[in-house]
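Chain and residue survey
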Amino acid sequence: MQTSLEIAGLWQISTTRTTVGWPLWSCRTRCIKQSERTALLLQVAFDKPEHLALLPQMKAFADIIEIGTPLLKRLGLSAIATARELCPEVMVLADTKTVDGGQFEADMVFGAGAAFMTVLSCASSATHETVGRRAAAFGATVIVDTITEAGKAELLPLNAVFPESFGYIAVHSPTDERLAGNTSTSHFDAVRKMHDRGFLVSLAGGIGPDTLEAVIAVEPEILVVGSAITESANPRETARWIRDRLPNPGRGWPWDRR
């Protein structure tokens, strides 16, 4: 089935899917083949109101602008609208970390122009299903965030299945643990485990110039960089430096968008 849906009148996403149920949909094989060439998308995470001033500097380098959970709580849907206005060619992710009330939260953020939202892996299957339906209606994509399972041997149950509109598994090292002194990069190793299970991966936590080589080696589809860019002395040049080192940048979408 081919769909071409417009989100909030701001951009168009075209997808081609021939099977029902992710990760068994047709584009999985195509994207995994891309990932063999280290296909990477750069997602820049904004967590503070002052980070919004950096939006014009990021539009040349970011594939996805993330409105982080703290910023979303502080400014609400206006943060999504601001990102869409200042970076109209860049997709926006709302890091809602939804655990309940899936339909309401999905309608809010997708209606505001977000192309992605996050749902916690520990949320009920009912929440996953309702968010999946709303994402499909908007032509948007859902990312499953495993942050509550960080450090465990298995981030997802072995029989985990998600709606077709779910595009990635987020392997996520918690910020508070890193601020408390845990500098482990063991979450990088989980990327290959998720790939072996057929999932595309978004990798977040502790990613910056010092860890970029190790991140590229495990080949996530999305790498999420936050404070390493937004809190650096020169955010634009840091973003450029990272982007210039990504093999095949701007690839890894779960559909042929470009």
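Because the structure is predicted, anything quoted here is derived from the model rather than measured.

When you go through the chain residue by residue, the secondary structure sums to 11 helices and 10 strands. Looking at the chain alone, contacts between residues at least 24 apart form 67% of all its contacts between residues at least 6 apart.

For the chain, per-residue confidence averages 83 on the pLDDT scale, and residues scoring 70 or more make up 83% of the total. This stretch, residues 1-37, has a pLDDT under 50; its non-local contacts, to residues over four places away or in other chains, come to 98 contacts.

Right, let's talk about the nonpolar core for a bit. If you look at the biggest cluster of nonpolar residues, it comprises 60 residues, and the most contacted ones within it are Phe46, Ile65, Ile67, Ile80 and Leu223. Contact partners of Phe46, with chain neighbours within four places excluded, come to His51, Leu52, Leu54, Leu55, Met58, Ile65, Glu66, Ile67, Gly68, Leu71 and Thr230. One finds Leu93, Phe116, Tyr168 and Ile222 within the second-largest nonpolar core, a separate group that totals 15 residues.

Attention shifts here to the sheet that holds strand β10 (residues 222-225). Sheet strands pair via backbone hydrogen bonds, and the direction of the pair is either parallel or antiparallel. A barrel is described by the order of its strands in space; here 8 strands give the closed sequence β3-β4-β5-β6-β7-β8-β9-β10, paired in parallel fashion. The sheet shows a mean angle of 25° between the axes of neighbouring strands, taken without regard to direction. Pairing analysis gives 4 bridges linking strand β3 (residues 41-46) to β10, with the strands arranged parallel. Bridging from a neighbouring strand, Val44 pairs with Val225 of β10.

Where burial is concerned, most of strand β8 (residues 166-172) is hidden: 7 out of the 7 residues are buried. Summarising the sheet, strand β7 (residues 141-145) and β8 pair through 4 bridges and their orientation is parallel. The residue of β8 that forms the bridge with Val144 is Ile169. Here 4 bridges tie β8 to strand β9 (residues 201-204), and the two strands are oriented parallel to one another. Residue pairing for β9: Ile169 is matched across the bridge by Val201.

A few words on the side chain of Thr230. Residue placement: Thr230 occurs in helix α10 (residues 227-230). Among the residues examined, Thr230 registers a relative accessible area of 8% and is labelled buried. Look past the residues within four positions of Thr230 in its chain and what remains in contact with it is Val44, Ala45, Phe46, His51, Leu54 and Pro235.

The next thing to look at is helix α8 (residues 186-196). Taken together, the buried positions of α8 are His187, Phe188, Ala190, Val191, Met194 and His195. For α8, the angular spread of buried residues about the axis comes to 145°, placing them on one side. Once α8 ends, the next one or two residues include Gly198, with phi positive near 95°.

We describe a pair of aromatic rings using the distance from one ring centre to the other and the angle between the two ring planes. Under the defined criterion, the tally for this structure stands at 4 aromatic pairs. With a centroid separation of 5.7 Å and an interplanar angle of 10°, the aromatic rings of Phe162 and Phe166 are classed as stacked. Residue Phe162 is classed as buried on the basis of its relative accessible area, which comes to 5%. Ring geometry for Phe162 versus Phe199: centroids 6.2 Å apart, planes at 65°, classification edge-to-face. Linking Phe162 in the loop between β7 and β8 with Phe199 in the loop between α8 and β9, this pair joins segments that are 37 residues apart in sequence. Residue classification places Phe199 among the buried positions, given a relative accessible area of 2%. Put simply, the rings of Phe162, Phe166 and Phe199 touch in pairs and so form one group of aromatic residues.

The general pattern is negative phi for most residues beyond glycine and trans for most peptide bonds. Notably, Glu219 is not glycine yet its phi reads approximately 60°, a positive angle. With respect to the helices and strands, Glu219 occurs in the loop between α9 (212-218) and β10. Of the residues examined, Glu219 reaches a relative accessible area of 22% and is grouped as partly exposed. Located in the positive-phi region is Asn248, a residue other than glycine, with phi close to 50°. Mapped onto the elements, Asn248 comes out in the segment after α11 (235-244). On the basis of relative accessible area, Asn248 is assigned to the partly exposed category, the value being 31%.

Within strand β6 (residues 116-120), 5 of the 5 residues are buried, leaving the element largely enclosed by the surrounding structure. Taken together, strand β5 (residues 91-98), helix α5 (residues 102-111) and β6 constitute a β-α-β crossover, and its handedness is right-handed. Across 5 bridges, the pairing between β6 and β7 is parallel. The partner of Phe116 across the bridge, within β7, is Thr141.

Cut-offs applied
- Counting restarts for each chain: residues are numbered from 1 in the order of the written sequence.
- Reporting in this predicted model follows two pLDDT cut-offs: at least 70 for local features of residues, and 80 or more for side-chain atom pairs to be given and counted; totals over whole chains, interfaces and linings ignore these cut-offs and use all residues.
- Side-chain figures throughout are based on the complete set of non-hydrogen atoms in the structure, without hydrogens or water.
- By the criteria applied, helices consist of DSSP H or I runs no shorter than four residues and strands consist of E runs no shorter than two, each listed in order from the N terminus.
- Note on definitions: a residue-residue contact is assigned when non-hydrogen atoms from the two residues lie within 4.5 Å.
- Per-residue confidence from the predictor is reported as pLDDT, which spans 0 to 100.
- Only buried residues count toward a nonpolar core, which is a set of Ala, Val, Leu, Ile, Met, Phe, Trp, Tyr and Cys residues joined through side-chain atoms within 4.5 Å.
- Burial status follows relative accessibility: with a 1.4 Å probe on protein chains alone, a residue under 20% of its type maximum counts as buried, one over 50% as exposed, and anything between as partly exposed.
- For two strands to be treated as a pair, DSSP must find no fewer than two bridges joining them.
- Note on definitions: angles span 0 to 180 degrees between N-to-C directions of axes, and those axes are lines fitted to C-alpha atoms, for helices only across the stretch in contact.
- The arc in question is traced by the directions running from the helix axis to the C-beta atoms.
- Aromatic contacts are taken between Phe, Tyr and Trp rings whose centres are within 6.5 Å, Trp giving its six-membered ring; a plane angle under 30 degrees counts as stacked, one over 60 as edge-to-face, and the others as tilted.
- Looking down the strands as they point away from you, a crossover is right-handed if its path from the first strand over the helix to the second goes clockwise.

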